[in-house]
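Chain by chain, the residues:
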Amino acid sequence: MNWLKQAVGKEWDITSAGGLTGDAYIASKDDRRLFLKRNSSPFLAVLSAEGIVPKLVFTKRMENGDVITAQEWLDGRELKAAEMRHHRVADLLGKIHGSSELLHMLMRLGKKPVTPDDRFANITAQLEANGLMDQYNEIQDTMTYLNHLLPATRDQQQVVCHCDLNHNNIILTTKGQLYLVDWDNAMIADPAMDFGFILKWYVPMEDWDRWLDQYGAAKDNHLFERMYWYLIMDALNYLSWHHERNESDKVQSRLADLRNLNDYVENTILR
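Residues numbered from 1 in each chain as written. Predicted model: local features only at pLDDT ≥ 70, side-chain atom pairs only at ≥ 80, totals over all residues. Heavy atoms only, no water.

Caption draft 1: Here's a closer look at the pairing of strand S4 (residues 56–61). The sheet contact formed by S4 and strand S5 (residues 67–72) spans five bridges and is antiparallel. Within S5, the position partnered with lysine 60 by the bridge is isoleucine 68. From the end of S4 to the start of S5, which pair antiparallel, there are five residues, and glycine 65 there has a positive phi angle of about 100°. (Pairing = 2+ DSSP bridges. Helix = DSSP H or I, 4+ residues; strand = E, 2+ residues; numbered from the N terminus.)

Caption draft 2: Inspection of the nonpolar core at higher detail. Ranked by internal contacts, the top residues of the largest apolar core, which has 72 residues, are Phe43, Ile139, Trp183 and Trp211. Counting residues per element, this core draws most heavily on helix H9 (residues 223–244), at eleven residues. Ignoring anything within four residues of it in the chain, the contact list for tryptophan 211 reads Met84, Arg85, His86, Val89, Ala90, Leu93, Phe195, Ile198, Leu199 and Val203. If you look at the next biggest cluster of nonpolar residues, it comprises 13 residues, including Val8, Trp12, Ile14 and Leu34. (Core = buried A, V, L, I, M, F, W, Y, C linked by side-chain atoms within 4.5 Å. Buried < 20%, exposed > 50% of the residue type's maximum accessible area, 1.4 Å probe, protein only. Contact = heavy atoms within 4.5 Å.)

Caption draft 3: Molecular detail of the pattern of salt bridges. If you walk through the whole model with that rule in mind, you get ten salt bridges. The closest approach of N and O atoms between arginine 33 and aspartate 75, which form a salt bridge, is 2.7 Å. Placement of the pair is arginine 33 in strand S3 (residues 32–38) and aspartate 75 in the loop between S5 and strand S6 (76–78), with a sequence separation of 42 residues. Exposure remark for aspartate 75: the relative accessible area of 44% places this residue in the partly exposed category. The partner of arginine 254 in a salt bridge is aspartate 257, with the nearest N and O atoms 3.7 Å apart. Pair noted here: arginine 254 and aspartate 257 are both in helix H10 (residues 248–269), with a separation of three residues, about one helical turn. (Salt bridge = Lys/Arg side-chain N within 4 Å of Asp/Glu carboxyl O.)

Caption draft 4: Just the packing of aromatic side chains, in detail. Under the counting rule described, the total for this entry stands at eight aromatic pairs. By way of ring pairs, the aromatic residues Phe195, Trp211 and Tyr215 are connected into one cluster. Of note, lysine 200 hangs over the ring of tryptophan 201, and the distance from its end group to the ring centre comes to 5.4 Å. Over the ring of tyrosine 238 we find arginine 254, and its NZ or CZ is 4.3 Å from the ring centre. (Phe/Tyr/Trp six-rings, centres within 6.5 Å; stacked < 30°, edge-to-face > 60°. Lys NZ or Arg CZ within 6 Å of the ring centre and 35° of its normal.)

The following block contains the structure:
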């Protein structure tokens, strides 16, 4: 921890913040705390300026080339799953997707949109390489639906998408502020990739129209086609990821998700 003390000062106590990467820490001194992270994206600065993540206090480059960022530590909690349907979540996501500042910054950092055609080609190659294409009927059906819905995904608005809108990544502070954290997977893409995930896994279907109105989605005939295209793509990516790690239980769970998604596409969207 000595190298972290060089960044914040020897008088600070440093402890691990946990997490999968082991690159997050908490610095404490008296009644003040900071959240430290190693090699965060420069994107963090504009997210902080936009009020989407807790305030960025400082950024320091260490002698070994690592960059340490320090953010205000705010007391609060992760959102509960049932709270994802709240209008404030829709407002926050609408603000993110509507921000030209976020989009321009991500483009300056070298991010470019990956077209749906490229993603379809990539997942096809990945499934074939893993021998999954002919192993499960669910995947064969899914690829048929993805190909059928692909034209609806082309030439859509491109915005900054978070791409990991699990309820654990939204923080509600004790002062009532709402923040979206963990931006490591952000990309420039169709906003349906983000709001589709929230609608499918957190919002009852009878509330979808109301939630989308609050978010500010433009109504069009292809909105749900796009949304389910990305949901299926997401499920396939996770299925392949678990297969590569020999996690058979999780593979079966993702196959169940695919069956659910396939049923909706077949019986609602295509009918």
